[in-house]
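Structural overview
In case you want the letters, here they are:
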Amino acid sequence: MNNTPRSNRLHIAIYGKRNSGKSSLLNALTGQQAALVSGIPGSTTDPVYQSMELHGVGPCVFIDTAGFDDEGELGALRMDKTLKTVDKTDVAILVCTDTELVVELHWLKIFQEKNIPVIIVLNKADLLNQPQEAVERVRCACGKSPFVVSAVSGEGIDCVLQELVRLAADVMQPTIVSHLVAEGDLVLLVMPQDIQAPKGRLILPQVQTLRELLDGHCSVMCCTTNQFASTLRLLVKPPRLIVTDSQVFHDVYSQKPAESLLTSFSVLFARQKGDIGYYVESASAIERLTEQSHVLIAEACTHAPLSEDIGRVKIPRLLRKRIGEGLRIDMVSGADFPDDLSAFDFVIHCGGCMFNRRHVLSRIESAKRQHVPMSNYGIVIAWLNGILDKVVY
């Protein structure tokens, strides 16, 4: 369980006012003292991420947030961080303890606008004087019945867990590569071991793709770029699928057997994590770029810049070679993605293997709302090499 990357876990965030029992509820749901519990309002400040495994749900991440009635200058900063967690949230748990639901209804609207499934919890059931009346008031205000819960006695916890299991089945991200292959197929992975993959390690997309293929009972052959041609000669038949690093798309395409399908790790993750249709559609916007255009390149990782980095060096080089040296290109990484994209003519995102799907989709939706075309590393490189229509996804 501890080896499952956070990006592959269901993200469950708990929201509510200060001292509504959010941290106590988290501890009751997980069966552990995962969060600090205090009777002092505002004990939870920055969002707390707790990796867990729930029966029926599997690996997940619980996010314990600051109370959304926080006050003062620091409270406003905490609320900004709480709001940012919404972009990562697969399932929201909205905690209520009274009938004053003005703030709760505001947040409920936010979740609904972003199509985030919500579990409404009427917490501290052991302290309710008239529980049925309280349930009815919450139901009328929110449009759905709450789960009546006591984090102290455990009342209602099993019902919330069952609802989490039900919702988890609807929001899990797609597979990486299984849709392109069948049991018994031969797949060739072309995996350059460069400065991005230090000695003794494979990068995360390679590991996850390989594991899914093995789980699907495929035969897998791996090689580096300079061994691609010789590896093909070793095979008694062409591979069903070749998955390569996007940076060598052109070289691999020029040597691959005609009957072998071709894709890249970045393209596969573009489909799994994002909106592949929008990425492909947006790639044509490159034709409209000029030396006066402004491009944003966004990377989920926060590693220090390395020599020949794909996002900071290779893609800018390819773009400027086609469009001109005057093309303006900005780079952001990690959580640093601007809310206002109006200054940009085109956005290029990495595969997003370090983010959960909800996080990547939230960025795509932001670009769509602002009518800014957005694509992906692998899709852009394939387009610039003139082979996007030859790539499967």
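See the structure above.
Our subject in this report is the structure included herewith. (Residues numbered from 1 in each chain as written. Predicted model: local features only at pLDDT ≥ 70, side-chain atom pairs only at ≥ 80, totals over all residues. Heavy atoms only, no water.)

**Describing the sheet that holds strand β11 (residues 294-299)**
Each strand in a sheet pairs with its neighbour through backbone hydrogen bonds, running either in the same direction (parallel) or in the opposite one (antiparallel). If you trace the 4 strands from one edge of the open sheet to the other, you get β12-β11-β13-β14, paired in parallel fashion. Edge strands, defined here as strands with exactly one partner in the open sheet, are β12 (328-333) and β14 (374-376). In this sheet, neighbouring strand axes are inclined to one another by 25° on average, regardless of whether the strands run parallel or antiparallel. Pairing geometry for strand β13 (residues 346-349) and β14, over 3 bridges, is parallel. Its bridge partner being in β14, Val347 is matched across the sheet by Met374. Where helix α13 (residues 377-384) meets the sheet, it contacts β11, β12, β13 and β14, and its direction lies at approximately 85° from that of β14. (Pairing = 2+ DSSP bridges. Helix = DSSP H or I, 4+ residues; strand = E, 2+ residues; numbered from the N terminus. Axes fitted to C-alpha atoms, helices over the stretch in contact; angles between N-to-C directions. Contact = heavy atoms within 4.5 Å.)

**Let's talk about the environment of Val121**
In this fold, Val121 is placed in strand β5 (residues 118-122). Relative accessible area serves as the criterion here: at 0%, Val121 is assigned to the buried category. In this structure the C-alpha to C-alpha distance between Val121 and Pro146, which are 25 residues apart in sequence, comes to 5.1 Å. Excluding residues within four positions of it along the chain, Val121 makes contact with Leu25, Ile93, Leu94, Val95, Cys96, Phe147, Val149 and Val160. (Buried < 20%, exposed > 50% of the residue type's maximum accessible area, 1.4 Å probe, protein only.)

**Details of the pattern of salt bridges**
Counted by the stated rule, this structure contains 11 salt bridges. Its salt-bridge partner being Asp275, residue Lys368 comes within 2.7 Å of it at the nearest N-O pair. One end of the pair, Lys368, is in helix α12 (residues 357-369); the other, Asp275, is in the loop between α9 (265-273) and α10 (276-283), with 93 residues separating them in the sequence. Residue classification places Lys368 among the partly exposed positions, given a relative accessible area of 28%. A salt bridge links Lys368 to Glu365; the shortest N-O distance between them is 3.8 Å. With Lys368 and Glu365 both in helix α12, this residue pair falls 3 residues apart, about one helical turn. For Glu365, a relative accessible area of 37% puts it in the partly exposed group. Here the salt bridges share partners, and the residues they tie into one network are Asp275, Glu365 and Lys368. (Salt bridge = Lys/Arg side-chain N within 4 Å of Asp/Glu carboxyl O.)

**Thoughts on α13**
Within α13, 8 of the 8 residues are buried, which leaves the element mostly enclosed by the surrounding structure. At the N-terminal boundary of α13, the capping side chain belongs to Asn376, with an oxygen 2.9 Å from the backbone nitrogen of Gly378. The positive-phi residue at the C-terminal boundary of α13 is Gly386, with phi of around 75°. (Polar contact = N/O pair within 3.5 Å; in protein donor to acceptor, adjacent residues only side chain to side chain.)

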